[in-house]
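Listed below, chain by chain, are the residues.
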Amino acid sequence: MVQAYILIQTEVGQARDVAGQIAKITGVVRVDAVTGPYDVVLLCEAKTVDELGDLIVSKVQMVPGITRTLTCSVVRL
């Protein structure tokens, strides 16, 4: 299983709606609205890196109101 944190910037006033839509996506483990340079942070997981990439590009980034994402892959040290 591979995991990644996705940091999301949204259009002004859209953080709540974006977080609600993302929470419905299969593979999303947790979604939180946050303060600071990002508006929403989520933890997602998939079986492979390719599946994780597909989840991010074809599902998460397609949610209306998102202006930018930053993907942080989880590593096991």
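Residues numbered from 1 in each chain as written. Predicted model: local features only at pLDDT ≥ 70, side-chain atom pairs only at ≥ 80, totals over all residues. Heavy atoms only, no water.

A. Quick peek at the pattern of salt bridges. The full count for this structure, using the stated rule, is one salt bridge. Among the salt bridges present, the one from aspartate 32 reaches arginine 30, with a minimum N-O distance of 2.5 Å. (Salt bridge = Lys/Arg side-chain N within 4 Å of Asp/Glu carboxyl O.)

B. Quick look at the side chain of glutamine 3. Here glutamine 3 shows up in strand E1 (residues 2-10). By relative accessible area, which is 18% here, glutamine 3 ends up buried. Separated by 3.0 Å, the side chains of glutamine 3 and glutamate 45 make a polar contact. At 3.2 Å, the side chain of glutamine 3 and the side chain of arginine 76 are in polar contact. (Helix = DSSP H or I, 4+ residues; strand = E, 2+ residues; numbered from the N terminus. Buried < 20%, exposed > 50% of the residue type's maximum accessible area, 1.4 Å probe, protein only. Polar contact = N/O pair within 3.5 Å; in protein donor to acceptor, adjacent residues only side chain to side chain.)

C. Just the side chain of threonine 10, in detail. Mapping threonine 10 onto the fold places it in strand E1. The class of threonine 10 is buried, set by a relative accessible area of 12%. Setting aside chain neighbours within four positions, we find threonine 10 in contact with Ala15, Val18, Asp39, Val40, Gly65, Ile66 and Thr67. (Contact = heavy atoms within 4.5 Å.)

D. Spatial organisation of the environment of glutamine 3. Sequence-wise, glutamine 3 and aspartate 32 are 29 residues apart; in three dimensions their C-alpha atoms are separated by 16 Å. Once residues lying within four places of it in the same chain are set aside, the contact partners of glutamine 3 are Leu43, Cys44, Glu45, Leu52, Ser73, Val74 and Arg76.

E. Broad picture of the sheet that holds strand E3 (residues 40-46). Taken in spatial order, the four strands of this open sheet run E2-E3-E1-E4, and their pairing is antiparallel. Where the open sheet ends on each side, the last strands, each with one partner, are strand E2 (28-33) and strand E4 (66-73). When the angles between neighbouring strand axes are averaged without regard to direction, this sheet yields 20 degrees. As judged from the seven bridges shared by E1 and E4, these two strands associate in the antiparallel manner. When the bridges of E4 are listed, isoleucine 8 appears paired with threonine 69. Relative to the sheet, helix H2 (residues 49-58) contacts E1, E3 and E4, its axis offset from that of E3 by approximately 145 degrees. (Pairing = 2+ DSSP bridges. Axes fitted to C-alpha atoms, helices over the stretch in contact; angles between N-to-C directions.)

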